[in-house]
Amino acid sequence: MKRVFNFSAGPAVLPLPVLERARDEMLDYRGSGMSVMEMSHRSKDYMAIIASAESLLREIMGIGDDYAVLFLQGGASLQFSMIPMNLITAPASQSADYVMTGSWSEKACSEAKKIFTDVRVAASSKSVNYSRIPTQQELTLNPDANYVHITSNNTIFGTEYPYLPDTGSVPLVVDASSNILSRPVDVSKHGIIYAGAQKNLGPSGVTVVIIRKDLMGRQANLPSMLDFQALAKEGSMLNTPPTYAIYILGLVLEWVKEQGGVTAMEQHNIRKANKLYAAIDNSAFYLCPTEPLSRSRMNVPFTLAKPELTDAFLAGAKAAGLVTLKGHRSVGGMRASLYNAMPEAGVDALIAFMQEFERTQG
Ligand SMILES: *Cc1c(COP(=O)(O)O)cnc(C)c1O
């Protein structure tokens, strides 16, 4: 067996001990005589798996009892619609603020426009190809908005909020798909935090939604499967949940806890990101399109001063066991995703390859 260093933006690398544990438990989950995939979601064994995933997430993130934790399907993308559908209230106050920091913000905003008559752009960095995060001072917030939506980490453009926006009494809704659990956050300052699991939490197929309980049940007559209140009431089991994805998520959470939780994850992520940005900045051969104060610790885009060498770079990297480094088409070049599960050795190997490539091709 040969494992590569996988820099994919998502679905992404998982911690090796998690995969080994899943392998060991595959055919006979802890004496049940079956795999988790084959279990009834109402069985005692499975109820313990989902309860443990929820309680670990609550412990690791410090989620208070005034928040519900939901394990849903439809990806972060369904939340682009579910959130406006659930948070719209009386016709007189139908407005939502969106901060535009990349493609995912744009998608979230365009779905909200199908629900709200008045969606306002509180700030945007589109004019600079989303290379930076607007500052608090640049946010034009509507004090009567139903909520303010931000994308805490921009997976495609490689930027990340270096601060938590102050939205006053207006609930802050955060798409944290690509940086949840990468650093400590004060959950009590949020209305909703949501994340598709396949970047930093586990496999695709499950979406985590952490929602302040008073934000549920505002809208009557929603389809039940789209109604946070109805889903929460049944403990995310209004229908069959994505059982195996939640099981792996639980194993990832155990791993995060063993590593020292989100504080340790943050230190590990700062070290990895700092090294890679330094390698880029210390060379005229590599360029980083993002503004230093807005740079993401999770997704590091970079280009070559000689862009015609991009294919050779990617091919050489692949031969060296460094894969899925091709940048998104809207940025070009390369993108290295350094989620929690990317070991520091992967970053070291990438930097060594970059230096060798520059030495031979530069
Ligand atoms: C990947 C991603 C999404 C889309 O997630 P799906 O689960 O595929 O719907 C949304 N927002 C951000 C920030 C992402 O990185």
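Please read these numbers as outputs of a predicted model, since none were measured by experiment.

Caption draft 1: Seen up close, the environment of His41. Mapping His41 onto the fold places it in the loop between helix 1 (16–25) and helix 2 (44–61). Under the relative-accessibility criterion, His41 is labelled buried at 16%. For His41 and Met237, which are 196 residues apart along the polypeptide, the C-alpha to C-alpha distance reads 8.2 Å. Those residues in contact with His41 that lie beyond four places of it in its chain are Tyr46, Met47, Met237, Asn239, Thr240, Pro241 and Thr243.

Caption draft 2: Quick peek at the pairing of strand 3 (residues 95–100). In terms of burial, strand 3 is a largely internal element, six of the six residues being buried. Residue alternation in strand 3 divides its side chains into two sets, Ser95, Asp97 and Val99 and Ala96, Tyr98 and Met100, and both sets are buried. Handedness of the crossover joining strand 3 and strand 4 (residues 118–124) through helix 4 (residues 103–112): right-handed. Pairing geometry for strand 3 and strand 5 (residues 148–151), over two bridges, is parallel. Paired with Tyr98 across the two strands is His149, which belongs to strand 5.

Caption draft 3: Highlighting the sheet that holds strand 11 (residues 286–287). Across the sheet, three strands lie side by side as 11-12-14; this open sheet has antiparallel pairing. At either margin of the open sheet sits one strand with a lone partner, and together these are strand 11 and strand 14 (334–337). Two elements, strand 11 and strand 12 (residues 299–304), share two bridges in a ladder whose sense is antiparallel. Each residue of the ladder has a partner; that of Tyr286, found in strand 12, is Leu304. Against the sheet, helix 7 (residues 261–281) makes contact with strand 11, strand 12 and strand 14, and its axis sits at roughly 15° relative to strand 12, the strand it touches most.

Caption draft 4: The nonpolar core, seen in detail. By size, the foremost hydrophobic cluster in this structure holds 55 residues, and its most contacted members are Leu181 and Ile210. Among the elements that make up this core, the one with the highest residue count is helix 6 (residues 243–259) (eleven residues). Setting aside residues no more than four positions away along its own chain, Leu181 makes contact with Leu57, Ile60, Met61, Asn200, Leu201, Leu253, Val256, Val262, Met265 and Asn340.

Caption draft 5: Focus on the sheet that holds strand 2 (residues 67–72). Read across the sheet, seven strands follow the order 2-10-9-8-5-3-4 without closing on themselves; strand pairing throughout is mixed. A strand with exactly one partner marks an edge of an open sheet, and here the two such strands are strand 2 and strand 4. Averaged over all pairs of adjacent strands, the angle between their axes in this sheet comes to 20°, without regard to strand direction. The strands touched by helix 2 within the sheet are strand 2, strand 9 (192–196) and strand 10 (207–212), with strand 2 carrying the most contacts at an inclination of about 130°.

Caption draft 6: Local environment of the domain arrangement of the protein. Each domain of the protein was delimited in the assignment, giving domain 1 (16–258) and domain 2 (261–361). Centre-to-centre, using C-alpha coordinates, domain 1 lies 27 Å away from domain 2. Across the boundary between the two partners, domain 1 contributes 25 residues, which contact 25 residues of domain 2. Interface area for domain 1 against domain 2, summed over the two sides, is near 2,100 Å², with a carbon-plus-sulfur share of 53%. Across the contact surface, domain 1 and domain 2 share one salt bridge. In this structure, Arg132 and Glu291 form a salt bridge, with 3.7 Å as the shortest nitrogen-oxygen distance. On inspection of domain 1 and its partner domain 2, the count reaches twelve residue pairs in polar contact (both at pLDDT 80 or more). Counting only elements with at least two residues in the side of domain 1 that touches domain 2, the list comes to strand 6 (153–154), strand 7 (159–160) and helix 6. Looking at the side of domain 1 that touches domain 2 element by element, the count peaks at three residues for helix 6. Classifying every residue of the side of domain 1 that touches domain 2 gives nine nonpolar, eleven polar and five charged.

Caption draft 7: Broad picture of the pairing of strand 10. Burial runs high along strand 10: five of the six residues are buried. Bridge count between strand 2 and strand 10: six bridges; the pairing is antiparallel. Of the residues in strand 10, the one forming a bridge with Phe71 is Val208. Relative to strand 10, strand 9 runs antiparallel, the two sharing five bridges.

Caption draft 8: Representation of helix 1 in the model. Taken as a whole, helix 1 has its buried residues at Val18, Ala22 and Glu25. All buried residues of helix 1 fall inside an arc of 70° around its axis, so they share one side. Exposed side of helix 1, more than 90 degrees from the buried face: Arg23 and Asp24 are the residues found there. Looking at the buried residues of helix 1, the elements they touch are helix 6.

Calculation criteria
- Residues numbered from 1 in each chain as written.
- Predicted model: local features only at pLDDT ≥ 70, side-chain atom pairs only at ≥ 80, totals over all residues.
- Heavy atoms only, no water.
- Helix = DSSP H or I, 4+ residues; strand = E, 2+ residues; numbered from the N terminus.
- Buried < 20%, exposed > 50% of the residue type's maximum accessible area, 1.4 Å probe, protein only.
- Contact = heavy atoms within 4.5 Å.
- Right-handed = clockwise from strand over helix to strand, strands pointing away.
- Pairing = 2+ DSSP bridges.
- Axes fitted to C-alpha atoms, helices over the stretch in contact; angles between N-to-C directions.
- Core = buried A, V, L, I, M, F, W, Y, C linked by side-chain atoms within 4.5 Å.
- Domains from an automatic or database assignment.
- Buried area = accessible area lost by both parts, 1.4 Å probe.
- Salt bridge = Lys/Arg side-chain N within 4 Å of Asp/Glu carboxyl O.
- Polar contact = N/O pair within 3.5 Å; in protein donor to acceptor, adjacent residues only side chain to side chain.
- Nonpolar A, V, L, I, M, F, W, Y, C, P; charged D, E, K, R; others polar.
- Arc of directions from axis to C-beta.

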